[in-house]
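These are the residues of each chain, in order.
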Amino acid sequence: MEGKQASLLHKISKVISDFFNPLVSLLIFFIYMSVKEYSLKESLLYFAPILLMIIVPVVIWLIWNVKTGRYTNMDVSDRVQRKTLYIFIAACVVAYLIFNYFRNGYIDLVMLFILVLIFTMQISNFYIKSSMHTAFNVFVAALFFTLDWKAGLMWLGIAALVGITRIILKRHTVKEVFMGAGIAFVVSFIYLYCNIQFQH
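Please read all numbers here as calculations on a predicted model, not as lab measurements.

Turning our eyes to something else, we now look at the overall build of the protein. For the protein, the helix and strand inventory stands at 8 helices and 0 strands. Listing every helix and strand of the protein by position from the N terminus yields α-α-α-α-α-α-α-α. The C-alpha radius of gyration computed for the protein amounts to 17 Å, which stays within 12% of the reference 16 Å derived for 200 residues, consistent with globular compactness. Principal-axis analysis of the C-alpha atoms gives the protein an extent of 55 × 40 × 30 Å. Within the protein, the proportion of its 200 residues that are buried is 46%. Relative to all contacts within the protein whose residues are 6 or more apart in sequence, the contacts with residues 24 or more apart total 70%. For the protein, the separation between the mean place of its 17 positive charges and that of its 9 negative charges on side chains is 7 Å.

In structure tokens form, the structure reads like this:
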């Protein structure tokens, strides 16, 4: 009986962890933001470059590296393997930031802080394999807070749940999950402060 319960808990944890991976969580936020803040045309003009320059290339990169055996899995659980993933994501985000600046004349604050989060996670990775799932979901919660505090609180709960699933699935230790959450809380606090300052 205990084995069945453990197996069910493992399956539920895997579904939650897989669904709320960093890319999907960011995608949900951008869709929510588009519906709440922009018209359909504005949404497409804003989101299409993010989709084509960041999300699609990162998904292709992950699939290709898993198929060729460079990455053990789509989570890139191996600390050594993560180095190239962080570099690739950062390169995609930098390319988007440059494109957006020349096209629209401003720096996309959300993507700039995603870049800051990635660099911080990369530095952390030299010492401890911080949970990327937890970190990104905490940051997504901060993004939701800028639009609706209730959605922000809900997503903070999701981030905590994701952190627990990462421990259950043995993808991370408790220390690694707390490290990911801690890094994201610091980056999120600075992002929220800057967001408030630029609105005034």
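With respect to the element layout, Arg 166 can be found in helix 7 (residues 149–168). Looking at Arg 166, its side chain comes within polar contact range of the side chain of Asp 75, at 3.2 Å. If near-sequence neighbours (up to four positions away) are discounted, Arg 166 is found in contact with Ser 17, Asp 75, Ser 131, His 133, Thr 134, Arg 171, His 172 and Val 177.

Helix 5 (residues 109–125) packs onto helix 4 (residues 79–104) with a crossing angle of 160 degrees between their chain directions and a minimal axis gap of 10 Å. When the interaxial angle is binned, helix 4 and helix 5 end up roughly antiparallel. For the crossing formed where helix 4 meets helix 5, the hand is left-handed. Each of Arg 79, Arg 82, Lys 83, Tyr 86, Ile 87, Ile 89, Ala 90, Val 93, Val 94, Tyr 96 and Leu 97 in helix 4 lies in contact with helix 5, whose residues at this interface are Met 111, Leu 112, Ile 114, Leu 115, Ile 118, Phe 119, Met 121, Gln 122 and Asn 125. Looking at the contact of helix 4 with helix 5 residue by residue, the class counts come to 15 nonpolar, 2 polar and 3 charged.

Note that Asn 125 resides in helix 5. In this structure, Asn 125 is in contact with Arg 79, Arg 82, Lys 83 and Tyr 86, ignoring residues within four places of it in sequence.

Time to look at the layout of surface pockets. Of the pockets and cavities examined, the largest pocket occupies roughly 460 Å³. Asn 21, Pro 22, Leu 23, Val 58 and Leu 62 are the residues nearest the centre of the largest pocket, which is lined by 28 residues in total. Listed by contribution, the elements that provide at least two residues to the lining of the largest pocket are helix 1 (2–19), helix 2 (22–37), helix 3 (40–67), helix 4, helix 5 and helix 6 (132–145). The class makeup of the residues in the lining of the largest pocket is 22 nonpolar, 3 polar and 3 charged. Empty space within the second largest pocket amounts to approximately 390 Å³.

This paragraph deals with the side chain of Ser 25. In this fold, Ser 25 is placed in helix 2. By relative accessible area, Ser 25 is classed as buried at 0%. Separated by 2.7 Å, the side chains of Ser 25 and Asn 137 make a polar contact. If we skip the residues at most four places from it in the chain, Ser 25 touches Phe 20, Asn 137, Val 140 and Trp 155.

What counts as what
Residues numbered from 1 in each chain as written. Predicted model: local features only at pLDDT ≥ 70, side-chain atom pairs only at ≥ 80, totals over all residues. Heavy atoms only, no water. Helix = DSSP H or I, 4+ residues; strand = E, 2+ residues; numbered from the N terminus. Rg over C-alpha atoms; globule rule 2.2 N^0.38 Å. Buried < 20%, exposed > 50% of the residue type's maximum accessible area, 1.4 Å probe, protein only. Contact = heavy atoms within 4.5 Å. Lys, Arg positive; Asp, Glu negative; His and termini not counted. Charge placed at Lys NZ, Arg CZ, Asp CG, Glu CD. Polar contact = N/O pair within 3.5 Å; in protein donor to acceptor, adjacent residues only side chain to side chain. Axes fitted to C-alpha atoms, helices over the stretch in contact; angles between N-to-C directions. Parallel < 35°, antiparallel > 145°, perpendicular 65-115°, else oblique. Left-handed = near helix turned anticlockwise from the far one by under 90°. Nonpolar A, V, L, I, M, F, W, Y, C, P; charged D, E, K, R; others polar. 1 Å grid on protein atoms, 1.4 Å probe; cavity = no way out; pocket = protein on both sides within 12 Å on 5 of 7 lines; lining within 4 Å. Points joined across faces, edges and corners; volume = space filled by probe spheres on them.

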